[in-house]
Amino acid sequence: MRSTMRYVALGLAGIMLAACGHKNKDAPLAFVPADTPYVVANLEIMDDSTRQALLVQADAQLPSNLAQLDAAADRMAAKDPDGARLLRALRAEFNGKTIETFAQSAGLDLKGHSALYGLGMAPVLRFELSDPRAFEGFISRLETAYGKKLDLANVDKQSYRKYAFAASGTEMILAMVGKQAVAALLPADASPALLRQALGLDRPQKNLQDDGRLATLAKAKGYQPWLVGELDLTRALPLAVGGEDPLIGAILKAHAEAESAKTGEPVANQLQTSPSCATDAARIAARVPTLSFGYTQLDPKHQNVRFDVALADDIGKAFSGLKVELPGLGSAGTAPFDMSLALPVAQMRTFWSAQADAVVAKPFACPSLIDLNDSFAKLGPAMQKAAIPPFGDMLGLRIALDSLVPGQNAGAPTFSGRLVLGTNNPAGLLAMGQMMVPALTQLKLTSDGKPLPLPKDMTSMLGQPAWLAMSDKALALGVGAGEDSKLGDTLKNPVGDAGQMARMHLTGAMYMGWLQLMEQKIDSLAAATAAISKSDEPSINGSVDNDDSAQAAANAARSKAQFAAMKSQAERVDSINAEMHVVDSGMVITSQTVLK
């Protein structure tokens with residue numbers, strides 16, 4: 001549950017390390033339209049110790065991020081060698097540098113103000129500079145490594161550099177405006193008005209700084225002011241599919257031109273947009289209006305993040321009062337890996353059946369959304385089938401892993417732990433298992449929570465002892481020495497509170513074990529791929545084509561670099577906890593990372 005957005009927040013926070021304590025007419029937020037569909041910004045100045053804690057985390061992630069940048073350049077090389085060369089030039093700027101030393105060499109102010117936001121769907125990144133001359137030096141070094149100058153243009157005497165992405169019909173612009181740097185991705189044929197707004201020459205009639213929406217959001221959700229983000233889907237989705245956003249239009253046009261060159265289909269035909277698309281998009285967005293996130297605690301030992309997903313009133317109320325009787329869901333996990341997930345099939349079936357009925361009664365008319373009609377049409381009958389026992393009685397599951405040891409020579413890992421299946425009918429679930437595995441009929445389980453050993457012909461396959469236990473709301477399996485002594489208490493653990501949907505606990509040691517296991521499996525796959533490549537027959541001219549082998553070797557090297565970086569991060573982790581619950585207004589996801 002350590003979601004991707006957490007990494008996005010950490011990455012952006014590498015630059016957004018401070019914010020203003022008072023309103024400044026030239027602060028980045030003063031350039032952000034109040035109706036922007038998305039924004040990530042800082043609201044107050046970050047103290048030195050907090051900033052240093054974030055830099056340490058960003059530096060730990062840097063090798064992995066750079067490995068991904070290398071991979072992106074390699075993938076781009078065949079279709080866009082020019083773009084790949086520019087990406088590698090940017091990558092080279094980080095050689096031998098930390099985030100802080102890179103920022104210093106590029107003139108970026110780590111104690112300044114920053115904002116990432118949308119002009120429509122076009123992303124604009126604006127940040128303050130500590131040294132404008134150093135920023136110019138950074139651009140010069142970038143151009144030298146790239147091998148040529150970026151195109152230079154100007155609007156109303158404001159110069160900017162640009163790089164066109166022909167395949168997508170877009171261009172990146174880069175400029176220094178006063179003591180701020182501005183980077184934006186715009187349509188290749190961006191209008192002067194859009195360019196002026198991106199560069200800040202024209203200010204929005206209403207800006208986000210004066211609007212105060214982010215500050216209000218942070219206070220309401222308990223976000224610290226160092227980094228706050230919001231995605232307004234009621235604005236973003238209609239822009240994305242409504243056919244009126246300049247950036248989306250440019251991308252679609254470039255795709256249509258490429259398709260027309262292949263098939264002869266007229267570009268105009270491909271670009272037709274139904275008026276219903278904006279209406280349908282707004283209908284979908286009304287179900288999940290906004291997403292937001294922010295840090296709730298950040299210091300050298302703690303990194304806590306909260307994500308909020310606003311939901312339509314009927315969605316929130318369908319689950320906010322629901323108490324799922326899954327043992328373990330209502331208390332913090334104690335095993336090195338301990339995850340509880342509510343799956344109340346009866347309530348979920350009722351909810352999704354209602355959603356399917358609503359779409360069947362009023363189908364989507366937008367051509368790009370028509371596939372949803374078929375999906376919801378199939379969902380209704382599927383929900384009816386979900387009522388069949390024992391699946392229809394399910395409440396959720398819990399996995400408590402006490403040990404995990406990667407196997408030797410790519411063999412299967414050894415583990416010990418418990419699996420709990422919450423259900424309104426554990427005896428029925430057991431009976432179903434006995435029908436599928438006749439050996440289980442030897443067990444005479446009762447709902448007293450006392451474990452019984454699995455038959456020897458079953459444990460021989462596991463290579464270690466195993467037990468089953470049952471209560472009136474769950475069936476539990478324990479695998480590994482000593483797990484029988486834990487099953488009784490496991491079945492008595494607190495059930496979920498109202499609205500509680502998931503909970504997870506992960507120790508740093510278990511996190512490292514997962515990474516080692518994943519690395520082992522990927523290494524085995526790479527070795528198998530290399531062996532297959534060596535056995536390939538020679539090409540027509542009698543030589544062996546080494547392209548695939550070289551690519552496989554490059555992929556393996558990047559994978560090793562990424563795992564090395566991830567293991568370096570894992571060594572700093574003491575524990576990670578996460579929890580998800582639903583309130584009337586939406587879903588709340590929190591994570592707490594404790595560092596050594």
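Residues numbered from 1 in each chain as written. Predicted model: local features only at pLDDT ≥ 70, side-chain atom pairs only at ≥ 80, totals over all residues. Heavy atoms only, no water.

## Digging into the side chain of H505
Worth spelling out the cut-off: Each helix corresponds to a stretch of at least 4 residues labelled H or I by DSSP, and each strand to a stretch of at least 2 residues labelled E; elements are numbered beginning at the N terminus. By the criterion applied in these results, polar contacts are pairs of N or O atoms within 3.5 Å in which, for protein atoms, one can donate a hydrogen and the other can accept it, and in which residues neighboring in sequence qualify only through two side-chain atoms. Residue contacts are counted whenever heavy atoms from the two residues lie within 4.5 Å of one another.
Along the chain, H505 turns up in strand 17 (residues 500–507). One polar contact links H505 to N577, side chain to side chain, over a distance of 2.9 Å. Excluding anything up to four places from it in sequence, H505 contacts G333, T334, A335, P336, F337, D338, S575, I576 and N577.

## Quick notes on the nonpolar core
Keep this limit in mind: Among buried residues, those of type Ala, Val, Leu, Ile, Met, Phe, Trp, Tyr and Cys that are joined through side-chain atoms within 4.5 Å constitute a nonpolar core. Only protein chains enter the accessibility calculation, which uses a 1.4 Å probe; a residue whose area is less than 20% of its type maximum is buried, one above 50% is exposed, and one in between is partly exposed.
One finds L108, F135, Y295, V324 and M501 to be the most contacted residues of the largest nonpolar core, which totals 55 residues. If you tally residues by element for this core, the top one is helix 2 (residues 48–77), at five residues. The residues contacting M501, other than those within four sequence positions of it, are F319, L322, V324, L329, S340, L341, A342, M580, H581 and V582. Of all hydrophobic cores here, the second largest spans 32 residues; its members include L119, A175, V177 and V228.

## Overview of the pairing of strand 18 (residues 573–583)
Put simply, the rule reads: One bridge is not enough; two strands pair if DSSP finds at least two bridges between them.
Two strands pair when backbone bridges link them, and strand 17 and strand 18 are joined in this way by seven bridges, in the antiparallel orientation. Looking at the pairing, H505 lines up with N577 of strand 18. Across 10 bridges, the pairing between strand 18 and strand 19 (residues 586–595) is antiparallel. Residue pairing in the sheet places V582 in a bridge with M587 of strand 19.

## Considerations on the pairing of strand 6 (residues 170–177)
Burial analysis of strand 6 places six of its eight residues in the buried class, the great majority of the element. Here strand 5 (residues 158–165) pairs with strand 6 via five bridges, running antiparallel. By the bridge assignment, R161 is partnered in strand 6 with L174. The sheet contact formed by strand 6 and strand 7 (residues 180–187) spans eight bridges and is antiparallel. The residue bridging M176 from the neighbouring strand is A181, located in strand 7.

## Side note on the state of the cysteines
The line we're drawing: The disulfide criterion is simple: two cysteine sulfur atoms within 2.5 Å.
Tallied over the full model, the rule gives one disulfide. What pairs with C277 in a disulfide is C366, and their sulfur atoms sit 2.0 Å apart. Across the disulfide from C277 to C366, rotation about the S-S bond amounts to roughly 85°, and the bridge is consequently right-handed. In this pair, C277 sits in helix 12 (residues 276–285) while C366 sits in the loop between helix 14 (345–361) and helix 15 (370–385), placing the two residues 89 residues apart along the sequence.

## Concerning the pattern of salt bridges
Which entries qualify depends on this criterion: Throughout this description, the term salt bridge denotes a Lys or Arg side-chain nitrogen within 4 Å of a carboxyl oxygen of Asp or Glu.
For the structure on display, the rule yields 28 salt bridges. In this structure, D70 engages R91 in a salt bridge whose closest nitrogen and oxygen atoms are separated by 3.3 Å. Taken together, the positions of D70 in helix 2 and R91 in helix 3 (residues 81–92) put the pair 21 residues apart, joining distant regions of the chain. Two residues, R287 and D314, come together in a salt bridge whose shortest N-O distance is 2.9 Å. You can see R287 sitting in the loop between helix 12 and strand 9 (290–299) and its partner D314 sitting in helix 13 (residues 313–320), a full 27 residues away along the chain. Among the residues examined, R287 registers a relative accessible area of 26% and is labelled partly exposed. On the basis of relative accessible area, D314 is assigned to the partly exposed category, the value being 39%. Several salt bridges converge on common partners, so that one network encompasses E136, E143, K149 and R161.

## Brief notes about the environment of F563
If you trace the backbone, F563 turns up in helix 20 (residues 547–570). Judged by relative accessible area, which is 6%, F563 ranks as buried. Considering only alpha carbons, one finds F563 and K378, 185 residues apart in sequence, at a separation of 41 Å. Sequence-distant contacts of F563, that is, excluding residues within four places in its chain, are made with L515, M518, E519 and I522.

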